[in-house]
Amino acid sequence: MRRPRLKRALWVATVLTVVAGSAVGPGRVAEAAGSLWRAEPAPPGSDAPFLPPPQPLRVTIDEMVARSMRVKNDVTIRLADGTTRVTTRYTFSQLVVKDHMKVVHPGSDGGPEVTIDVPDQGTLGGYDGLFQPQETVMWGDIHQVCLNVVVRICGVQGLLNAFGSVIPLTAGASDFDGTIYAIRATGNRPGLGSTDNPVHLPGSISVAP
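A brief structural summary.

### Let's talk about the pattern of salt bridges
On inspection of all chains with the given rule, the structure shows 4 salt bridges. The residue aspartate 47 makes a salt bridge to arginine 89 at a minimum N-O spacing of 2.8 Å. With aspartate 47 in the loop between α2 (26-37) and β1 (57-78) and arginine 89 in strand β2 (residues 84-92), this residue pair connects regions lying 42 residues apart in the sequence. Arginine 89 gets classed as partly exposed once you look at its relative accessible area, which sits at 24%. A salt bridge links arginine 58 to aspartate 177, with the nearest nitrogen and oxygen atoms 2.6 Å apart. Here aspartate 177 lies in strand β8 (residues 169-186) and arginine 58 lies in strand β1, a separation of 119 residues in the sequence. Residue class for arginine 58 comes out partly exposed when judged on its relative accessible area of 43%. Using a relative accessible area of 19% as the deciding quantity, one classes aspartate 177 as buried.

Okay, here's the thing in structure tokens:
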């Protein structure tokens, strides 16, 4: 009985690692995820600094604000099973969730489905208590996003990728839907007990067999 429970706990820890990146600390990443996805540094030539699982996350956000978003198109990342994907890297000085963020990992190799549900507000990145900058990096593909400017404009992910690769963009958005391989939020003191943790996503975690 203990071994399935341990594997289940490690699976959840690893999904959190993929979502939070170094927010749990490099040592804890390797310790928590080592038996499942061998959380080792990615080999040279991969854009991501670690090996995400082959099954991506499905991320939806009802309303958000992306601050100083920078885009790099056509990056190659290596996944934990040895395969590669050509995708897009999004870097934010801060990603503010204003209303309902849901992250679902479908599980693979018999692993359970893990859902992180943030019903209200949350943030990734920004500035810590000493005003040191943090940031969030996201690797994946945006399927749908609507910009909230004078009027609501949807289906503009291509324009965001084009303009964001030239200049940093700050904009409010809604109805975000993306296939995301990893989200990495980094700070100078990213330990779980730190008040300067770059991840602030108050919500719930559920695990389905």
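### Details of unusual backbone geometry
Phi at serine 68 is positive, roughly 50 degrees, even though this residue is not glycine. Structurally, the position occupied by serine 68 is in strand β1. Even without being glycine, histidine 100 reaches a positive phi, approximately 55 degrees. Here histidine 100 is to be found in strand β3 (residues 94-105). Among the residues examined, histidine 100 registers a relative accessible area of 25% and is labelled partly exposed.

Calculation rules
Residues numbered from 1 in each chain as written. Predicted model: local features only at pLDDT ≥ 70, side-chain atom pairs only at ≥ 80, totals over all residues. Heavy atoms only, no water. Salt bridge = Lys/Arg side-chain N within 4 Å of Asp/Glu carboxyl O. Helix = DSSP H or I, 4+ residues; strand = E, 2+ residues; numbered from the N terminus. Buried < 20%, exposed > 50% of the residue type's maximum accessible area, 1.4 Å probe, protein only.

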